Amino acid sequence: SVASKWPLVMDRPIKPTLTGVVALLLEMNPRLDAPAVKSILQRSARADSFTGAVPNPTWGYGKVDAYQALILAAPAPLISSIGISGTNVQINFTTTKGMNYRLDSTPSLSAVNWTTITNNIQGTGEILQAADHFVKGPAQNFYRVVMYP
């Protein structure tokens, strides 16, 4: 058990705080399992002059950073459908409430540069729609939805 490996750590006041952060992570993304939560907490932990180099026996992976953990826990946007209406391409995608999104396109998957079509789309927790209004002719574009805090 964690308590038998790190008895001092489990007796510190971080225990209820960490429990609250885990609850927020699971509220943000109910599909997370225990290994995913552990990984998110480890990757989002902060190091500073008090923690020194981490991981270490005293601070583990560092200080809990709830905000960064929530960003890592947010489910990636999923494009649920793409449709064409005249010269517009309509892209429907899933969102997380409180996150922001942008729609990018590129004519080739081997292209390094993506063009931003729409920016600052506010996540609602529902499926949202964005449109590419600049489609000319039968050219094929590839689309991605990028999430950011």
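If you're wondering where the values come from, they're calculated on a predicted model, not measured in any experiment.

### Describing helix H4 (residues 34-44)
And then number 1: Turning to H4, its buried residues number three or more, namely Val-37, Ile-40, Leu-41 and Ser-44. The arc enclosing the buried residues of H4, seen along the axis, measures out at 95°, which places them on a common side. Those residues of H4 that are exposed and aimed more than 90 degrees away from the buried face are Pro-35, Lys-38 and Arg-43.
And then number 2: Capping the start of H4 is the job of one residue whose side-chain oxygen sits 3.0 Å from the backbone nitrogen of Ala-36: Asp-33.

### Remarks on the packing of aromatic side chains
And then number 1: If you walk through the whole model with that rule in mind, you get one aromatic pair.
And then number 2: Judged by centre distance (5.8 Å) and plane angle (55°), the ring pair of Phe-93 and Tyr-101 falls under tilted. The exposure classification of Phe-93 matches that of Tyr-101, with both residues buried.

### Topic: the nonpolar core
And then number 1: Counting residues in each nonpolar core, the largest one holds 14 residues, and the members touching the most others are Ile-91, Phe-93, Tyr-101, Leu-103 and Ile-121.
And then number 2: Taken together, the elements giving at least two residues each to this core come down to strand S2 (88-94), strand S3 (100-106), strand S4 (115-122), strand S5 (127-132) and strand S6 (142-148).
And then number 3: If one sorts the elements of this core by residue count, S2 sits on top with three residues.
And then number 4: Not counting residues within four places of it along the chain, the set of residues in contact with Leu-103 comprises Ile-91, Thr-115, Thr-116, Ile-117, Thr-118, Ile-121, Ala-130, Ala-131, Tyr-143, Arg-144 and Val-145.
And then number 5: Leu-32, Val-37, Ala-69 and Ala-73 belong to the second largest nonpolar core, which has eight residues in total.

### Section: the environment of Val-54
And then number 1: Tracing the backbone through its elements, the reader meets Val-54 in the loop between H4 and helix H5 (66-73).
And then number 2: Residue contacts for Val-54: discarding those within four places in its chain leaves Ala-47, Trp-59, Gly-60, Tyr-61 and Gly-62.

Definitions and limits used
Residues numbered from 1 in each chain as written. Predicted model: local features only at pLDDT ≥ 70, side-chain atom pairs only at ≥ 80, totals over all residues. Heavy atoms only, no water. Buried < 20%, exposed > 50% of the residue type's maximum accessible area, 1.4 Å probe, protein only. Helix = DSSP H or I, 4+ residues; strand = E, 2+ residues; numbered from the N terminus. Arc of directions from axis to C-beta. Polar contact = N/O pair within 3.5 Å; in protein donor to acceptor, adjacent residues only side chain to side chain. Phe/Tyr/Trp six-rings, centres within 6.5 Å; stacked < 30°, edge-to-face > 60°. Core = buried A, V, L, I, M, F, W, Y, C linked by side-chain atoms within 4.5 Å. Contact = heavy atoms within 4.5 Å.

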